[in-house]
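Close look at the chain arrangement
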Amino acid sequence: MSKTILITGAASGFGKIAAFELAKKGHKVIATTQVYPQMSDVIREAKEQGIDLIVDKLDVTSQRDIDYILKKYEIDILISNAGIMEGGPIAEQPVDIIRSMFEVNVFGALNLAQGFIKKFVEKRRGKIVFTSSMGGLWTVPYVAAYCSSKHALESIAEGLKTELAPFNIKIATCNPGVFGTGFNDRGVDSIFHWYDPKINFTPESAFDGAAESLAHQLDPQSMAEVIVNVALDEDSHFRNVHPKETEEFVKQLQADAWTAKS
């Protein structure tokens, strides 16, 4: 049966791929982007591919945008995918940068979700899928602030799962490993907009491994397909880490944390 599905952060990466795939399957898709120029790009690309979907503007940090979206659309599934990442040592990373990540990744996601939850409660059905990260389950060196925002999102999702079960509202998370959407690359690039080895005590050599870690990123198509499948599966798992190797790696790191020394 066709579903009405709204996706945030659909201008690129997993969000755009998932939006297009869901539309191809015959679902009514509202693909939202942060700014108007991104809307134009998605509309043009969808037209070129013969894909029928709705494209609208939704900056999850804008209450005006959220109010507009909640008034305009009735949906069955929310895929909360919008997110930002800025890297750097959390001991020195400017707090305003960290705050901006929380505004999008945590407060923006929760604010929008709460709006749709009110609608879902009335209908006694609905589903929310949050795009989290492997960084929501462990802390990647020099991306600790971003990971902390995703840890917060994981906790929110777990709380919602318990609280909304009596209302037949399903909650799931999708936790990508390292995929080549450009998201990780820009996260690394962002460090050098504020970091200065002449001023900061973190040695420049701390970032030497970044290029190597980004050299073998995976095809984002497979992760987008996981998001699509989780969204459409009425009995999906709550947590969905992909690929499997990343899941095993995270589980081992979580086990190791119990014996790690301070």
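Under an unreviewed UniProt entry, the name given to the chain is Short-chain dehydrogenase, and the source organism is Chryseobacterium culicis.

Below, the discussion takes up the overall build of the chain. Each helix and strand in the chain was counted, giving nine helices and seven strands. For 262 residues, the compact-globule estimate of 2.2 N^0.38 gives 18 Å, and the chain sits close to it at 18 Å. On the principal axes, the C-alpha backbone points of the chain span a range of 55 × 40 × 35 Å. A separation threshold of at least 6 residues defines the contact pool for the chain, and within that pool the share at least 24 residues apart is 71%. Carbon and sulfur atoms form 53% of the exposed surface of the chain, whose accessible area is close to 13,400 Å². Here the chain contributes 27 positively and 34 negatively charged side chains, and the mean placements of these two sets differ by 8 Å.

So, about the pairing of strand S4 (residues 77-80). Along a regular strand, successive side chains alternate from one face of the sheet to the other. Neither face of S4 is exposed, since Ile77 and Ile79 on one face and Leu78 and Ser80 on the opposite face are all buried. Summarising the sheet, strand S1 (residues 4-7) and S4 pair through three bridges and their orientation is parallel. Across the sheet, residue Ile5 finds its bridge partner in S4, namely Ile77. Tracing the backbone out of S4, into helix H4 (residues 95-123) and back to the parallel element strand S5 (residues 126-131) gives a crossover that is right-handed.

The geometry of an aromatic ring pair is captured by the separation of the ring centres together with the interplanar angle, meaning the angle of the planes. Across all of its chains, the model carries nine aromatic pairs by this definition. Judged by centre distance (6.4 Å) and plane angle (25 degrees), the rings of Phe116 and Phe120 are stacked. A residue pair is termed a helical-turn pair when its members lie 3 or 4 positions apart in one helix, as Phe116 and Phe120 do in helix H4 at four residues. Owing to a relative accessible area of 0%, Phe116 belongs among the buried residues under this scheme. Here Phe192 and Tyr195 contribute two aromatic rings whose centre-to-centre distance is 6.3 Å and whose plane-to-plane angle is 80 degrees, an arrangement assigned as edge-to-face. By the ring-pair criterion, three or more aromatic residues cluster together here, those being Tyr142, Phe192, Trp194, Tyr195 and Phe207. Note that Lys57 overlies the ring of Tyr36, its terminal NZ or CZ placed 5.5 Å from the centroid. Looking at Lys161, its charged tip hangs above the ring of Phe238, at a distance of 6.0 Å from the centre.

Turning our eyes to something else, we now look at the packing of H4 against helix H5 (residues 144-164). Their axes nearest at 8 Å, the elements H4 and H5 cross at an angle of 15 degrees. As the angle between them shows, H4 and H5 are arranged roughly parallel. In this structure, H4 crosses over H5, and the sense of that crossing is right-handed. The segment H4 lies against H5, with Ile98, Met101, Phe102, Asn105, Val106, Ala109, Leu110 and Ile117 engaging Ala145, Tyr146, Ser148, Ser149, Lys150, Ala152, Leu153, Ile156, Leu160 and Leu164. Of the residues belonging to the contact of H4 with H5, the class tally is 14 nonpolar, three polar and one charged.

Cut-off values and rules
- Residues numbered from 1 in each chain as written.
- Predicted model: local features only at pLDDT ≥ 70, side-chain atom pairs only at ≥ 80, totals over all residues.
- Heavy atoms only, no water.
- Helix = DSSP H or I, 4+ residues; strand = E, 2+ residues; numbered from the N terminus.
- Rg over C-alpha atoms; globule rule 2.2 N^0.38 Å.
- Contact = heavy atoms within 4.5 Å.
- Areas by Shrake-Rupley, 256 points an atom, 1.4 Å probe, with all protein chains shown as cover.
- Lys, Arg positive; Asp, Glu negative; His and termini not counted.
- Charge placed at Lys NZ, Arg CZ, Asp CG, Glu CD.
- Buried < 20%, exposed > 50% of the residue type's maximum accessible area, 1.4 Å probe, protein only.
- Pairing = 2+ DSSP bridges.
- Right-handed = clockwise from strand over helix to strand, strands pointing away.
- Phe/Tyr/Trp six-rings, centres within 6.5 Å; stacked < 30°, edge-to-face > 60°.
- Lys NZ or Arg CZ within 6 Å of the ring centre and 35° of its normal.
- Axes fitted to C-alpha atoms, helices over the stretch in contact; angles between N-to-C directions.
- Parallel < 35°, antiparallel > 145°, perpendicular 65-115°, else oblique.
- Left-handed = near helix turned anticlockwise from the far one by under 90°.
- Nonpolar A, V, L, I, M, F, W, Y, C, P; charged D, E, K, R; others polar.

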